[in-house]
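Listed below are the residues making up each chain.
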Amino acid sequence: PRLDLGLSTTELIGRVPLFAGLAPDRLGRIERLLRPSLAMPGEVLVRRGERGDSMYFISSGAVAVTLPGLAQPVRLGSGDFFGELALLDDRPRNADVVALAYCRLLVLDRRDFHRLLDEDADLRGHVEEIAAARRLPSAG
Ligand code: CMP
């Protein structure tokens, strides 16, 4: 059953700056591919070592990213995304990601992720830039 999240996908997308500058046709396309989802505080969204089949945009709420190499968890919030590395690199998840609060998320599946990046060089550039920083051992 579909969860009633109180906000439409369009409204949720409006809270993600990555999508802010996109042309309406691009937005419409993305809107059809993103699946709204709600996470509860404490919910494990991504587990290190597991295969990843989707990535997540945070529309509201906050998550903690825990990596063995990092002294402290990295906190991500509204407008941030996570789970892109497993899809870009075709590798297992490199961190645990746990919801710190009720989160409104937009989920993008692996195949749609690759399609979107293939169609939109700007979007790819943005995602790649952030992913590159996160791949650095000292990132955080
Ligand atoms: P993925 O490896 O698919 O799953 C864990 C996610 O945590 C990873 O993708 C990134 O989205 C995120 N992540 C990993 N390292 C960092 C970091 N240093 N800062 C923020 N997010 C990170």
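Residues numbered from 1 in each chain as written. Predicted model: local features only at pLDDT ≥ 70, side-chain atom pairs only at ≥ 80, totals over all residues. Heavy atoms only, no water.

1. Here's the deal with the sheet that holds strand 7 (residues 96–99)
Here's step 1: Taking strand neighbours across the sheet as the criterion, the four strands line up as 2-7-4-5 in an open arrangement whose pairing is antiparallel. Unpaired on one side and paired on the other, strand 2 (44–46) and strand 5 (74–77) mark the two borders of the sheet. Sheet twist, expressed as the mean angle between neighbouring strand axes with direction ignored, is 30 degrees.
Here's step 2: Summarising the sheet, strand 4 (residues 62–66) and strand 7 pair through four bridges and their orientation is antiparallel. Bridging from a neighbouring strand, T66 pairs with D96 of strand 7. (Pairing = 2+ DSSP bridges. Helix = DSSP H or I, 4+ residues; strand = E, 2+ residues; numbered from the N terminus. Axes fitted to C-alpha atoms, helices over the stretch in contact; angles between N-to-C directions.)

2. Section: the site of the ligand
Here's step 1: In the vicinity of the ligand, 16 residues are found, and the nearest of them are G83, E84, A86, R93 and N94.
Here's step 2: Within the backbone of G83, a nitrogen or oxygen atom sits 2.8 Å from an oxygen atom of the ligand.
Here's step 3: At 2.6 Å, a side-chain N or O of E84 approaches an oxygen atom of the ligand.
Here's step 4: Calculation on the ligand without its partners gives an accessible area of 450 Å², and the protein chains cover 98% of this total.
Here's step 5: The residue inventory of the shell around the ligand, partitioned by class, reads 10 nonpolar, three polar and three charged. (Near = heavy atom within 4 Å. Polar contact = N/O pair within 3.5 Å; in protein donor to acceptor, adjacent residues only side chain to side chain. Areas by Shrake-Rupley, 256 points an atom, 1.4 Å probe, with all protein chains shown as cover. Nonpolar A, V, L, I, M, F, W, Y, C, P; charged D, E, K, R; others polar.)

On their own, these measurements won't tell you what the molecule is for.
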